[in-house]
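Close look at the chain arrangement
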Amino acid sequence: MTANVYKAKVLSRSMKKDRLDVTYPVIEGLDDLRVQNYINSVLLSITNQLIKELGYYENPDMEITGKYYVRTNDRGLLSISIEMYGFGGGAHGFTILKSVTFDLKTGKIYSLRDFFAKDIDYVKFITEIVKKQIVEKEIPVIVDFTSIDPDQDYYIENNNLVVYFQLYELAPYAWGFPTFEIPMRQVCKMMGPAGPRKYCSLYT
């Protein structure tokens, strides 16, 4: 496969037992089985970690369901989100969304830092965009937002870099996961050698 069309086959696997019903992703079809196995081990590890974080093993009343979203699977880039919902009583349950972005050729996991050259203050750059969009979207923030974290949650979707916040991290529960989009065309202009430059080939 050429870099521009290189993608994985994403399959669904189920994890079902008492109080647990989770669907998680497994990939196939990569040229390098070592990379494929590594990516699958990371995806399974994230799934198990979220189940643990929600208290499945500590709380006998905790019921957990899970699903995933393929955000991007194109040009050698795979960006996946795993969503886990737990309910252990009360007014409502709690949901966690964890995302990870891979290079399908090497298995490299891209951090948010990797999308920007070293001389770019990406935290300040993204923070200003978030502040602007908070106003534009009229998001009722519950904290005095000053800055994103250097390792802020993100995924790639519809040719956008999407940074997001967990429930209660920025806005009320009813608001869900606040998301903020930055066009990859814009990001690619600031990308250093550590980023997914092959994915940006259409923009350069």
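Data block above holds the structure.
The structure contained in this document is the topic of the report that follows. (Residues numbered from 1 in each chain as written. Predicted model: local features only at pLDDT ≥ 70, side-chain atom pairs only at ≥ 80, totals over all residues. Heavy atoms only, no water.)

Bringing the state of the cysteines into the picture now. Using the criterion set out here, one finds one disulfide in the structure. Here Cys188 engages in a disulfide with Cys200; their sulfurs sit 1.8 Å apart. Every disulfide takes its handedness from the sign of the S-S torsion; for Cys188 and Cys200 that torsion is -70 degrees, giving left-handed. With Cys188 in helix 3 (residues 184–188) and Cys200 in the segment after helix 3, this residue pair connects regions lying twelve residues apart in the sequence. Residue class for Cys188 comes out buried when judged on its relative accessible area of 5%. (Disulfide = S-S within 2.5 Å. Helix = DSSP H or I, 4+ residues; strand = E, 2+ residues; numbered from the N terminus. Buried < 20%, exposed > 50% of the residue type's maximum accessible area, 1.4 Å probe, protein only.)

Turning to the layout of surface pockets, a few remarks are in order. Where empty space is left becomes clear once a probe the size of a water molecule has been rolled over the atoms. In this structure, the largest pocket occupies an estimated 230 Å³ of space. Looking at the largest pocket, it is lined by 13 residues, and the ones nearest its centre are Lys98, Ser99, Asp151, Gln152 and Asp153. With four residues, strand 5 (residues 94–103) is the single largest residue contributor to the lining of the largest pocket. Looking at the lining of the largest pocket, its residues break down into six nonpolar, four polar and three charged. (1 Å grid on protein atoms, 1.4 Å probe; cavity = no way out; pocket = protein on both sides within 12 Å on 5 of 7 lines; lining within 4 Å. Points joined across faces, edges and corners; volume = space filled by probe spheres on them. Nonpolar A, V, L, I, M, F, W, Y, C, P; charged D, E, K, R; others polar.)

As enumerated under the stated definition, the model contains eight salt bridges in all. For Asp74, the salt bridge goes to Arg75, with nearest N and O atoms at 3.2 Å. The exposure class assigned to Asp74 is partly exposed, which follows from its relative accessible area of 25%. For Arg75, a relative accessible area of 6% translates into the label buried. (Salt bridge = Lys/Arg side-chain N within 4 Å of Asp/Glu carboxyl O.)

In this section: the sheet that holds strand 3 (residues 63–74). One open sheet accounts for five strands, arranged 1-2-3-4-5; its pairing is mixed. If you trace the sheet from one side to the other, it starts and ends with strand 1 (9–17) and strand 5, each paired once. Strand after strand, the sheet turns through a mean of 20 degrees between neighbouring axes, direction not considered. Packing of helix 1 (residues 33–53) onto the sheet brings it into contact with strand 1, strand 2 (20–28), strand 3, strand 4 (77–87) and strand 5, and relative to strand 2 it is tilted by some 165 degrees. (Pairing = 2+ DSSP bridges. Axes fitted to C-alpha atoms, helices over the stretch in contact; angles between N-to-C directions. Contact = heavy atoms within 4.5 Å.)

Moving on to unusual backbone geometry. One non-glycine residue, Arg19, adopts positive backbone phi at about 70 degrees. On the secondary structure map, Arg19 appears in the loop between strand 1 and strand 2. By relative accessible area, Arg19 is classed as partly exposed at 23%. Its identity as a non-glycine residue notwithstanding, Arg75 has a phi of 55 degrees, on the positive side. Here Arg75 shows up in the loop between strand 3 and strand 4.

What follows concerns helix 2 (residues 122–137). Relative to the 22 Å expected for 16 residues at 1.5 Å per residue, helix 2 spans 22 Å between its end C-alpha atoms, a close match to the ideal helical length. Turning to helix 2, its buried residues number three or more, namely Tyr122, Val123, Phe125, Ile126, Thr127, Ile129, Val130, Gln133 and Ile134. Where helix 2 is buried, its residues meet strand 7 (160–164), strand 8 (179–183) and helix 3. (Expected span 1.5 Å × (residues − 1).)

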